[in-house]
Amino acid sequence: MKKNIILSLLLTVLAFGAQAQKFRALDKSPRDIAYFPDHFAHDRKDGEKALVKVSYSRPYLKGREAFGKLEPYGKVWRTGADESTEIKFYQDATIGGKKVKAGTYSLFSIPGEKEWTIILNSDLDYWGAYKYKEGSDVLRVIAPVKKADAPIENFSIVFEKVSDTSAKMFLGWDSAVVEVPVTF
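What counts as what
The residue count restarts for each chain, going from 1 along the sequence in the order it is written. Only residues with pLDDT of 70 or above have their local features reported here, since the model is predicted, and side-chain atom pairs are shown and tallied only from 80 upward, although totals for entire chains, interfaces and linings are computed over all residues. Each side-chain value is worked out from all heavy atoms of the structure, with water and hydrogens disregarded. The pairing criterion is simple: DSSP has to find at least two bridges between the two strands. Each helix corresponds to a stretch of at least 4 residues labelled H or I by DSSP, and each strand to a stretch of at least 2 residues labelled E; elements are numbered beginning at the N terminus. Here an angle of 0 to 180 degrees is reported between the N-to-C directions of two axes, which are lines fitted to C-alpha atoms, with helices fitted over the stretch in contact. In this scheme, a residue with accessible area under 20% of its type's maximum is buried, one over 50% is exposed, and one in between is partly exposed, where area comes from a 1.4 Å probe on protein chains only. What makes two residues a contact is simply this: any of their non-hydrogen atoms within 4.5 Å. Residues belong to one nonpolar core when they are buried, are Ala, Val, Leu, Ile, Met, Phe, Trp, Tyr or Cys, and are joined through side-chain atoms within 4.5 Å. A 3.5 Å cut-off defines polar contacts: any pair of N or O atoms within that distance qualifies, except that in protein one atom must be a possible hydrogen donor and the other a possible acceptor, and neighbouring residues in sequence count only when both atoms are side-chain atoms. We count a salt bridge whenever a side-chain nitrogen from Lys or Arg sits within 4 Å of a carboxyl oxygen from Asp or Glu.

Asker: In this structure, what is going on with the sheet that holds strand 6 (residues 103–110)? I would like to understand it.
Answerer: Pairing between the strands of a sheet is mediated by backbone hydrogen bonds and can be parallel or antiparallel. If you trace the 9 strands from one edge of the open sheet to the other, you get 1-2-3-6-7-8-9-4-5, paired in antiparallel fashion. Two strands close off the open sheet at either side, each with one partner strand: strand 1 (31–36) and strand 5 (98–100). Strand-to-strand twist of the sheet, defined as the mean angle between neighbouring strand axes without regard to direction, takes the value 35°. In this sheet, strand 6 lies alongside strand 3 (residues 85–89) in antiparallel orientation, the contact comprising 5 bridges. Across the sheet, residue Ile87 finds its bridge partner in strand 6, namely Tyr105.

Asker: Help me understand the environment of Ala143, please; the structure alone is not making it clear to me.
Answerer: Relative to the elements of secondary structure, Ala143 occurs in strand 8 (residues 137–163). A residue is classified by how much of its surface remains accessible, and Ala143, at 2% relative accessible area, is buried. With 34 residues separating them along the chain, Ala143 and Val177 place their C-alpha atoms 9.9 Å apart. Discounting residues that sit within four places of it in the chain, Ala143 has contacts with Glu115, Trp116, Ile118, Val178, Glu179 and Val180.

Asker: I tried to follow the nonpolar core on my own but got confused; where do I start?
Answerer: Side chains that are nonpolar tend, in soluble globular proteins, to be buried together. With 34 residues, the main nonpolar core has Phe89 and Met169 as its most contacted residues. The set of elements that each furnish at least two residues to this core consists of strand 1, strand 2 (52–57), strand 3, strand 4 (93–95), strand 6, strand 7 (115–121), strand 8 and strand 9 (166–183). Ranked by residues supplied to this core, first place goes to strand 9 with 8 residues. Sequence-distant contacts of Met169, defined by excluding residues within four places in its chain, comprise Val54, Ile87, Ile95, Ile157, Val158, Phe159, Val178, Glu179, Val180 and Val182.

Asker: Help me out: how do you make sense of the pairing of strand 2 in this one?
Answerer: Two faces make up the sheet, and in a regular strand the side chains alternate between them. As paired strands, strand 1 and strand 2 are joined by 6 bridges and run antiparallel to one another. Bridging from a neighbouring strand, Ala34 pairs with Val54 of strand 2. Examined bridge by bridge, strand 2 and strand 3 share 4 bridges and lie antiparallel to one another. When the sheet's bridge partners are listed, Val54 is paired in strand 3 with Ile87.

Asker: Teacher, can you tell me more about the side chain of Ser166 here?
Answerer: Its location among the elements puts Ser166 in strand 9. In terms of polar contacts, Ser166 uses its side chain to reach the side chain of Ser163, at 2.9 Å. For Ser166, the residues in contact, after removing those within four places along its chain, are Phe36, Lys161, Val182 and Thr183.

Asker: Explain unusual backbone geometry to me, please; I cannot follow it from the model alone.
Answerer: Trans peptide bonds make up the majority, and among non-glycine residues the majority have a negative phi. Backbone torsion omega between Phe36 and Pro37 reads 0°, so that peptide bond is classified as cis. Relative to the elements of secondary structure, Pro37 occurs in the loop between strand 1 and helix 2 (40–43). If you check the backbone angles, Asp125 has positive phi at about 65° while not being a glycine. Owing to a relative accessible area of 58%, Asp125 belongs among the exposed residues under this scheme.

Asker: In this structure, what is going on with the pattern of salt bridges? I would like to understand it.
Answerer: Pairs can form between side chains of opposite charge once their charged atoms are near each other. Under the definition given, this model contains 7 salt bridges. Arg140 is paired through a salt bridge with Asp137; the nearest N and O atoms lie 2.8 Å apart. Through salt bridges with shared partners, one network takes in Lys146, Lys168 and Glu179.

What is shown is where atoms sit, not what they do.
See the structure below:
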């Protein structure tokens, strides 16, 4: 009888210990993905292939001023929050008039009041822009800033179809919207 009680207690302790895995809390800025064609993973048709995919975190504005304050003008920004944003081209492309080979790149930017520098960089899997190296840049293009129709609470990236082989990539947050042409 004593053996059965001790064995039951031991098994109970082991069972609770096995389920005591620690999981991280949710990130403050949720991850999102933007595709071209838009909503590709959800609306994918047989035989259809994605041309580009951007994986990024979406910081909240929370009553703050994004550019010039939270994200200073003239400094490299990870173009989102948390881990650096990544853009994957499934085939060779042209972004902002400059050619880029198929592959995955970090997407950084340098916000300005009237224009942003959009940067594709070969270094992947870094938190933020803290270890950004200009020497690893693959491409830099300049994109004009437009005023948003209404404040954008969460940083957002979306592709707007121009044709089957071209789109406009929009980056928007607070009152800023940046448009970058992409062709395949």
